[in-house]
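# Coordinate inspection notes
Residue strings, one per chain:
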Amino acid sequence: MKDLNYIQKFKEFKIDFRAYTLFFALVIIWLLFGSLTGGIFLSTRNFSNLLRQMTIISFLAIGMTPVIITGNIDLSVGAMTGFISVIAAYLQAIIFPNLLPGLFPSLSIASLGIISTVVTVIICLFIGLLIGLGQGYIIAYGGVPAFIVTLGGQFVLKGGILGVTQGKTIIPIEDSLRVMAQGYLSEYAGIIVAIIAIIIIFISTLQNRTKKKEYGIKVRSLGMDLFVAAVFSVLILVFTFMMNSYRGIQIPVLIMATIAIIVTYIMNNTRFGRHIYAVGGNREATRLSGINVRKVVLKTYAMMGILCGVSGIILTGYVAAGTTSGGTNYELSAIGGCVMGGTSLMGGIGTVFGAVIGTLIMTSLENGMSVMNMSVFWQYIVKGLILILAVYLDVTSRKNKV
Amino acid sequence: MKDDFILKINNVTKDFPGVRALSDVSFNVKEGTIHGICGENGAGKSTLVKILAGVYPFNTYQGSIYFNKKELKLTSSSIEEAIKEGIATVYQELVLVPYLTAGENIFLGREPRNQRGIINWNKLFSDTKEILTKYKLNVPLFSKLSTLSVGQQQMVEIAKALSHEVKLLILDEPTSALTEAETSSLMEILKNLKKSGVTCIYISHRLDEFFQITDSITVLRDGQVVDTVKTVDTTEEKIIAMMVGREMKKRFPDKKSKPGEKILEVRNLSVFLKNKSVIKNVSFDLKKGEILGIAGLMGSGRTELVTALFGEYGNQVTGDILLDGKHIKINSAEDAIQYGISLVPEDRKEKGLVLIQEIYKNISLPNLRQFSSRFNIDKYKELQECQKYADYLAVKTPSLFTITESLSGGNQQKVVIAKWLMSNPKILILDDPTRGIDVGTKYEIYNLINKLAEKGVGIIMISSELEEVLGISDRIMIMHEGQCAGTIERKEATQEKIMALATNIKKNNRYD
């Protein structure tokens with residue numbers, strides 16, 4: 001069949017250089033810190049910590065990616081995370097302990113705690129969604145620049161944090177919520193998760209093959225496809241056993257991976273995702289293609305809001321308290337992660353995967369320098385310079401290509 | 001020297017990739033005269049202006065230009081150098097800072113200063129006043145440009161050009177954005193300039209203006225000089241004949257089918273933008289399988305008319321639109337597409353394509369619903385469909401995954417058309433679809449339009465080229481200043497008739 005030769009060519013030549021460069025940079029940074037810290041940096045324990053450290057920023061970077069791709073920005077995510085975090089703490093420490101025993105007098109304290117956590121999670125995600133929709137509506141339909149709306153939103157939410165906490169730290173937090181942020185999967189649970197992931201990889205590989213055959217596209221040999229699937233499976237197993245040799249796979253890391261996969265899927269395989277990239281690439285052409293550009297922008301902010309909710313909940317569970325300083329400057333780290341991962345502030349270009357790797361690089365720098373006992377002032381300076389350097393290299397490499 | 005030519009253009013040829021914009025152009029301009037240059041869109045007028053203004057520097061063209069008795073060799077692509085030589089250009093689009101006053105704009109970047117570098121405002125304003133009075137330009141001294149009318153802004157632009165020691169002033173379609181009153185005052189200004197010894201090159205689409213002010217006229221066609229004549233020795237009809245009068249070769253495929261029943265009716269459509277009436281009471285019909293050509297000069301409202309049909313102006317549109325006999329209201333592009341109306345826009349780069357994306361994503365953008373559920377796009381189906389249309393249009397590309405930006409103009413246009421064909425329109429509107437496209441691809445596009453018409457699609461096609469409108473349309477509607485100046489059946493249409501309606505030749509007396 002002549003007509004599908006375009007597709008074959010693509011499959012043969014498609015190599016994502018960007019992703020490889022990022023990985024390469026990550027490996028270099030890890031090896032560098034590994035040697036500078038006499039191997040401590042590369043220990044399983046530190047590696048486990050590193051991954052947990054990155055989760056909270058990762059949620060924000062994942063949500064920020066579509067926002068930046070449409071050519072907008074969200075400066076309020078740090079404050080929103082902080083705000084939702086103190087709301088979660090307030091609900092758990094002040095509202096529910098008084099409310100729930102009255103509603104369910106027959107239940108044990110442990111069960112009440114779980115109900116408290118479930119309801120808290122739902123409310124927090126809902127608040128995130130509402131704030132996201134509110135800001136998104138003003139940006140998309142009100143025509144106020146995103147920079148201004150979310151800068152204003154940052155102030156409002158910071159005020160909200162102080163209002164809720166009255167300047168104090170709110171404790172205690174239910175154990176069940178802490179588990180979400182600090183817990184580990186048991187050894188067996190970890191292996192089961194790994195096996196499920198591996199099964200999914202193989203099934204989708206095979207499904208893909210049938211689909212390709214159905215449309216008459218030449219497929220690689222079965223052996224080759226299975227080999228690739230096997231390589232990924234081995235990586236997952238290695239990771240699982242590595243984590244299990246310390247305390248197990250961390251629950252927040254699992255949540256992060258799940259969300260990253262879901263959002264990646266949305267970006268690549270749904271109309272909404274396509275529209276996001278199109279809006280960022282050429283807003284006018286997209287509008288003239290009959291796409292409701294405003295609604296697309298609104299939805300990216302709604303998604304961002306929900307992810308701020310997730311981030312806020314995990315933050316509360318992690319610190320086991322609601323604090324006034326929670327979330328401060330997270331927006332900058334999230335934007336830094338996105339940009340480091342190749343998202344263009346001009347819009348139209350970027351991936352969730354890149355944003356996660358970018359965040360991992362930023363967190364690795366932070367973690368590595370802490371392990372080395374480098375002074376905090378140096379840490380800031382190095383992080384800032386590396387961010388600028390990364391984007392500079394990216395910009396120049398793109399220029400050379402065109 | 002015995003000749004008194006200030007500018008001599010000798011055998012200038014300028015090539016762009018794939019196109020020869022100017023071919024062996026030669027003519028002379030007498031000192032102290034107003035010299036008109038006319039020609040259809042794409043005849044090479046703008047290219048010539050850009051060479052004289054130094055946008056295309058010496059060595060990027062062949063031939064020689066003598067200005068003021070010595071050869072003009074502009075090396076950099078900055079207009080500063082041309083100005084230093086004594087050539088200033090006023091472009092069609094204004095290039096002034098809207099939030100500064102006339103004087104600040106005129107002396108932008110070279111404000112009079114004292115020894116310490118502080119701007120001497122008194123001198124700036126008195127110099128400005130001197131220039132404005134000298135050339136009888138009626139512009140308020142202390143108002144910001146944004147508060148002035150377009151005509152007044154243009155005067156500032158002219159004043160800016162004249163504030164340099166210019167010997168040659170080039171005006172590139174200065175009246176395209178002016179009202180009639182503003183135009184006639186510009187005519188007065190130009191006459192005054194001539195009295196004070198400034199030579200002008202005047203470019204316009206409005207032929208009557210040439211006969212009011214110019215001393216001689218050079219007619220360009222397809223990058224070549226047809227003739228240079230004294231204005232007193234010629235007539236508008238003769239000029240039009242020179243502009244369009246080339247032999248019709250077989251450049252258009254034959255259309256076999258006949259129009260069917262009526263599909264679209266537009267009644268008294270008017271558009272108001274910023275309290276200005278852009279389209280005035282336009283009515284027309286479109287039948288199934290009919291190709292309705294819309295002719296008209298740039299700024300005649302032709303683009304606004306079709307974008308209004310595509311829902312771009314929302315509630316600023318009055319009048320009735322009937323599709324298949326039913327009244328419809330089109331408030332957005334989304335609505336239009338739902339009704340089966342598609343628009344291939346005028347500016348494919350700005351409005352037609354997401355240039356940084358792959359070809360297939362551009363083709364499928366408005367059509368994703370055809371192969372997606374709420375939660376999934378069937379990518380293989382998508383690729384297969386896109387492939388079908390890319391093949392149908394013979395898009396020349398290594399792969400559907402090629403970034404659209406890297407395609408040639410003609411192939412980019414094919415991608416835009418592919419995208420709208422996939423949406424299966426009842427009515428396809430094409431706004432100047434062959435602009436900047438080579439002859440071969442043009443023929444392919446004409447063929448395609450014919451094929452669509454044969455299938456029963458109603459087609460509205462705007463074109464800047466008279467030949468094209470004549471070659472392809474069943475019927476031609478001519479727009480002039482937002483109104484329908486007339487509709488001509490193909491059999492009865494001639495280039496002269498269309499040009500006469502489009503330039504509104506009968507209203508010759510409007511400056512009297």
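Residues numbered from 1 in each chain as written. Chains lettered and ligands numbered in written order. Predicted model: local features only at pLDDT ≥ 70, side-chain atom pairs only at ≥ 80, totals over all residues. Heavy atoms only, no water.

### Quick look at the overall build of chain A
The secondary structure content of chain A amounts to 16 helices and zero strands. Over its C-alpha atoms chain A spans a radius of gyration of 22 Å, differing by no more than 12% from the 21 Å that the globule rule assigns to 402 residues. Each principal axis of the C-alpha distribution contributes one length, and for chain A these read about 70 × 55 × 50 Å. With 402 residues in all, chain A has 49% of them scored as buried. Considering only contacts in chain A between residues 6 or more positions apart, those separated by 24 or more positions represent 81%. Of the roughly 19200 Å² of accessible surface on chain A, a fraction of 71% belongs to carbon and sulfur atoms. Side-chain charges of chain A comprise 28 positive and 13 negative groups, with the mean position of each set lying 5 Å from the other. (Helix = DSSP H or I, 4+ residues; strand = E, 2+ residues; numbered from the N terminus. Rg over C-alpha atoms; globule rule 2.2 N^0.38 Å. Buried < 20%, exposed > 50% of the residue type's maximum accessible area, 1.4 Å probe, protein only. Contact = heavy atoms within 4.5 Å. Areas by Shrake-Rupley, 256 points an atom, 1.4 Å probe, with all protein chains shown as cover. Lys, Arg positive; Asp, Glu negative; His and termini not counted. Charge placed at Lys NZ, Arg CZ, Asp CG, Glu CD.)

### A look at the nonpolar core
Grouped together as the largest cluster of nonpolar side chains are 75 residues, with contacts concentrated most on Leu 264, Phe 284, Leu 305, Phe 310, Leu 428, Ile 459 and Ile 460 of chain B. Residues contacting Leu 428 of chain B, with those up to four places away along its chain left out, are Ser 342, Val 344, Trp 420, Leu 421, Leu 452, Val 457, Gly 458, Ile 459 and Ile 460 of chain B. (Core = buried A, V, L, I, M, F, W, Y, C linked by side-chain atoms within 4.5 Å.)

### A few points about the environment of Leu 74 of chain B
All names here are of chain B. Residue placement: Leu 74 occurs in the loop between strand S5 (70-71) and helix H2 (79-85). Distance in space between the C-alpha atoms of Leu 74 and Leu 452 is 49 Å, their sequence separation being 378 residues. Excluding anything up to four places from it in sequence, Leu 74 contacts Ile 51, Leu 52, Ala 53, Gly 54, Pro 57, Phe 58, Glu 81, Ala 82 and Glu 85.

### Focus: the interface of chain B and chain A
Each side of the interface is counted separately: chain B has 43 residues, and chain A has 35 residues. Run the count over chain B and chain A and you get three salt bridges. In terms of residues, the side of chain B that touches chain A owes the most to one element, helix H13 (residues 379-392) of chain B, which gives eight residues. Grouping the constituent residues of the side of chain B that touches chain A by class yields 19 nonpolar, ten polar and 14 charged. (Salt bridge = Lys/Arg side-chain N within 4 Å of Asp/Glu carboxyl O. Nonpolar A, V, L, I, M, F, W, Y, C, P; charged D, E, K, R; others polar.)

### Notes on the pattern of salt bridges
Across all of its chains, the model carries 21 salt bridges over all chains by this definition. Asp 225 of chain A serves as the salt-bridge partner of Arg 209 of chain A, at 2.9 Å between the closest nitrogen and oxygen. Here Arg 209 of chain A is found in helix H8 (residues 187-214), whereas its partner Asp 225 of chain A is found in helix H9 (residues 222-246), with 16 residues between them in sequence. As far as burial versus exposure is concerned, Arg 209 of chain A and Asp 225 of chain A are alike and both buried. In this structure, Lys 70 of chain B engages Glu 85 of chain B in a salt bridge whose closest nitrogen and oxygen atoms are separated by 3.9 Å. Of this pair, Lys 70 of chain B sits in strand S5 while Glu 85 of chain B sits in helix H2, and the two are 15 residues apart along the sequence. Residue classification places Lys 70 of chain B among the exposed positions, given a relative accessible area of 52%. For Glu 85 of chain B, a relative accessible area of 28% gives the class partly exposed.

### Things to note about a nonpolar patch on the surface
Judged by side-chain polarity, Tyr 90, Ile 94, Ile 95, Leu 99, Leu 103, Phe 104 and Leu 107 of chain A come together as a nonpolar surface patch covering roughly 560 Å² of accessible area. Along the chain, the position of Ile 94 of chain A falls in helix H4 (residues 77-103). (Patch = residues over 30% accessible without salt bridge, like charges linked within 9 Å, V, L, I, M, F, W, Y side chains within 5 Å.)

### Description of the sheet that holds strand S20 (residues 483-489) of chain B
All names here are of chain B. Taken in spatial order, the six strands of this open sheet run S16-S17-S18-S13-S19-S20, and their pairing is mixed. One side of each edge strand has no neighbouring strand; the edge strands of this open sheet are strand S16 (341-344) and S20. When the angles between neighbouring strand axes are averaged without regard to direction, this sheet yields 20 degrees. Bridge analysis of strand S17 (residues 427-431) against strand S18 (residues 458-462) gives five bridges, and the strand direction is parallel. Note that in S18 the partner of Asp 431 across the bridge is Ile 462. Docked against the sheet, helix H14 (residues 409-422) engages S16 and S17, running at close to 175 degrees with respect to S16. (Pairing = 2+ DSSP bridges. Axes fitted to C-alpha atoms, helices over the stretch in contact; angles between N-to-C directions.)

### Considering the sheet that holds strand S10 (residues 224-230) of chain B
Note on sheets: strands pair through backbone hydrogen bonds, and any given pair is parallel or antiparallel. Residue and element names in this part refer to chain B. Spatially, six strands are ordered S6-S7-S8-S3-S9-S10 in an open sheet, and the strand pairing comes out mixed. Whereas interior strands pair on both sides, the edge strands pair on one side only; in this sheet they are strand S6 (87-90) and S10. Neighbouring strand axes in the sheet, compared pairwise and without regard to direction, differ in orientation by 20 degrees on average. Two strands pair when backbone bridges link them, and S6 and strand S7 (residues 168-172) are joined in this way by four bridges, in the parallel orientation. For Ile 87, the partnering residue across the bridge sits in S7 and is Leu 168. Here helix H5 (residues 150-163) sits on the sheet and contacts S6 and S7; the angle it forms with S6, its principal contact strand, is near 170 degrees. Here helix H8 (residues 236-244) sits on the sheet in contact with strand S3 (34-38), strand S9 (216-221) and S10, set at roughly 25 degrees to S9.

### Side note on the pairing of S9 of chain B
Residues and elements named next belong to chain B. Most of S9 is tucked away, with five of its six residues classed as buried. Bridge analysis of S3 against S9 gives four bridges, and the strand direction is parallel. Across the sheet, residue His 35 finds its bridge partner in S9, namely Ser 216.

### Comments concerning the confidence of the model for chain A
Detail in the predicted coordinates should be disregarded across regions flagged by low pLDDT. Per-residue confidence for chain A gives a mean pLDDT of 90, with 94% of residues at or over 70. The low-confidence segment residues 1-15 of chain A (pLDDT under 50) makes 26 contacts with residues lying over four places distant or belonging to another chain. (pLDDT = per-residue confidence, 0-100.)

### Here's the deal with the packing of aromatic side chains
Inspection of every chain in the model, using the stated rule, returns 14 aromatic pairs over all chains. Through a chain of ring-to-ring contacts, the aromatic side chains of Trp 121, Phe 125 and Phe 142 of chain B assemble into a single cluster. The ring centre of Tyr 56 of chain B lies 4.4 Å from the NZ or CZ of Lys 14 of chain B, which sits over that ring. Residue placement shows Lys 361 of chain B over the ring face of Tyr 277 of chain A; its charged tip is 5.9 Å from the ring centre. (Phe/Tyr/Trp six-rings, centres within 6.5 Å; stacked < 30°, edge-to-face > 60°. Lys NZ or Arg CZ within 6 Å of the ring centre and 35° of its normal.)

### Here we look at a positive patch on the surface
A cluster of basic side chains, namely Lys 295 and Lys 299 of chain A together with Arg 369 and Arg 374 of chain B, defines a positive patch on the protein surface. Along the polypeptide, Arg 369 of chain B turns up in the loop between helix H12 (359-364) and H13.

### Describing unusual backbone geometry
Residue Pro 172 of chain A is bonded to the preceding Ile 171 of chain A through a cis peptide linkage, with omega at -5 degrees. By the element assignment, Pro 172 of chain A lies in the loop between helix H6 (146-165) and helix H7 (175-182). Positive phi values are uncommon outside glycine, yet Asp 222 of chain B reaches one of about 50 degrees. For Asp 222 of chain B, a relative accessible area of 46% translates into the label partly exposed. Of note in this structure, Asp 432 of chain B is not a glycine but carries a positive phi near 50 degrees. Within the element layout of this structure, Asp 432 of chain B appears in the loop between S17 and helix H15 (439-454).

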